[in-house]
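Working through the structure, step by step
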Amino acid sequence: MKTILRRKDDTSIFCPPVRQRHATFTVKTKVIELTVACTLLVVGLFIMTIAQ
């Protein structure tokens with residue numbers, strides 16, 4: 001998506017699009033964190049049920 005910024009003196013500059021590669025890395029990190037958290041939660045609940 002192209003972005004053209006207009007200045008007060010009616011000149012414009014072109015801003016090239018930012019790469020989305022960094023955003024994909026962030027999404028992968030969030031998915032890994034969520035998977036680990038859910039796994040630990042399930043293991044903790046399993047241990048609590050066995051301990052009773």
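From a predicted model like this one, the values you see are computed outputs, not experimental measurements.

A count of helical and extended segments in the protein gives one helix and two strands. Walking the protein from its N terminus toward its C terminus, one meets helices and strands in the order β-β-α. Counting across all 52 residues of the protein, residues that qualify as buried make up 0%. When the accessible surface of the protein is split by element, carbon and sulfur atoms take 69% of a total near 5,400 Å².

Bringing a nonpolar patch on the surface into the picture now. Together, Val43, Phe46, Ile47 and Ile50 make up an exposed nonpolar region whose accessible area comes to about 410 Å². Locating Val43 in the fold gives a position in helix H1 (residues 21-51). In this structure Val43 comes out as partly exposed when scored by relative accessible area, which is 41%.

Calculation rules
- Residues numbered from 1 in each chain as written.
- Predicted model: local features only at pLDDT ≥ 70, side-chain atom pairs only at ≥ 80, totals over all residues.
- Heavy atoms only, no water.
- Helix = DSSP H or I, 4+ residues; strand = E, 2+ residues; numbered from the N terminus.
- Buried < 20%, exposed > 50% of the residue type's maximum accessible area, 1.4 Å probe, protein only.
- Areas by Shrake-Rupley, 256 points an atom, 1.4 Å probe, with all protein chains shown as cover.
- Patch = residues over 30% accessible without salt bridge, like charges linked within 9 Å, V, L, I, M, F, W, Y side chains within 5 Å.
- Salt bridge = Lys/Arg side-chain N within 4 Å of Asp/Glu carboxyl O.

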